[in-house]
Each structure stands twice: as C-alpha cells, then as structure tokens.
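Coordinates in review
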Amino acid sequence: PKSSLLARRDEDILSRTVQDCGLHAYGAIFVELWVLSSDGTLLRRPPGGSWMDPQFIYTISPPSLAEQANEQAQPCAPGVSLAG
C-alpha cells in the first residue's frame, strides 16, 4: 500500500538524518530523537529515531547487549524516565 511505502520513506529519511547527526558530532556514540504526542502526554522514540556508533557497539561485551539496550526504549510521560 502507498501509505506504508510513505511511512517507510519517512523512517529512512529520519534514520539517515539522525545517523548524520551522530557521525558529524565529534565523540558522539549515541543519538536519539523523542517526539511529544499532540496532546502532550506521551514521549516516544519513532522508528529510525536513534543511532549508535557501530565502532562503539563492538567495545561492549557482548555487542548484542548494546543493541538490545537501544531497542528497549519505551514511550513515557513527560518528566518520567531519562527521556522525559
């Protein structure tokens, strides 16, 4: 469907933009973007809204631990959790 293709394209653009931020910020190992819901009650990280330096991932033992931590971002209320 056309809507899923557009959503995927938006995710790709966001992912590349977040990655570029990390690659061009000297010393950055992780970048993430959180979006506030229109009613102001929920913060969420959209698909493609994070990047972790691939060099850094392999300094963690095991590397899958760093990847798993990145995938565990949960939506939260403003003022709650690290993202809030």
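Residues numbered from 1 in each chain as written. Predicted model: local features only at pLDDT ≥ 70, side-chain atom pairs only at ≥ 80, totals over all residues. Heavy atoms only, no water.

1. Digging into the overall build of the protein chain
Convention followed: Under the scheme used here, helices are H or I runs from DSSP no shorter than 4 residues and strands are E runs no shorter than 2 residues, and both carry numbers assigned from the N terminus. Accessibility here uses a 1.4 Å probe with only protein chains present; expressed as a share of the type maximum, an area under 20% marks a residue as buried, one over 50% as exposed, and anything in between as partly exposed. Positive charges are assigned to Lys and Arg, negative charges to Asp and Glu, while His and the chain termini are left out of the count. Working definition for charges: the position is that of NZ of Lys, CZ of Arg, CG of Asp or CD of Glu.
Looking only at helices and strands, one finds three helices and four strands in the protein chain. Counting only C-alpha atoms, the protein chain reaches 40 × 35 × 25 Å along its principal axes. A buried classification covers 19% of the 84 residues belonging to the protein chain. The positive charge centre, built from 6 side chains, and the negative charge centre, built from 9, are 9 Å apart in the protein chain.

2. Description of the pattern of salt bridges
As a reminder of what qualifies: By definition here, a salt bridge exists when the distance from a side-chain nitrogen of Lys or Arg to a carboxyl oxygen of Asp or Glu is within 4 Å.
With the rule as written, the count across this model stands at three salt bridges. As a salt-bridge pair, R8 and D12 come within 3.3 Å of each other at their nearest N and O atoms. A residue pair is termed a helical-turn pair when its members lie 3 or 4 positions apart in one helix, as R8 and D12 do in helix α1 (residues 2-23) at four residues. On the basis of relative accessible area, D12 is assigned to the partly exposed category, the value being 27%. In this structure, E32 engages R45 in a salt bridge whose closest nitrogen and oxygen atoms are separated by 3.0 Å.

3. Re the confidence of the model for the protein chain
Selection criterion: For every residue, the predictor states its confidence as a pLDDT score lying anywhere from 0 to 100.
Overall, the prediction assigns the protein chain a mean pLDDT of 85, with 94% of residues at 70 or greater. The lowest-confidence element of the protein chain is helix α3 (residues 63-71), averaging 79 in pLDDT; the highest-confidence one is strand β3 (residues 43-44), averaging 92.

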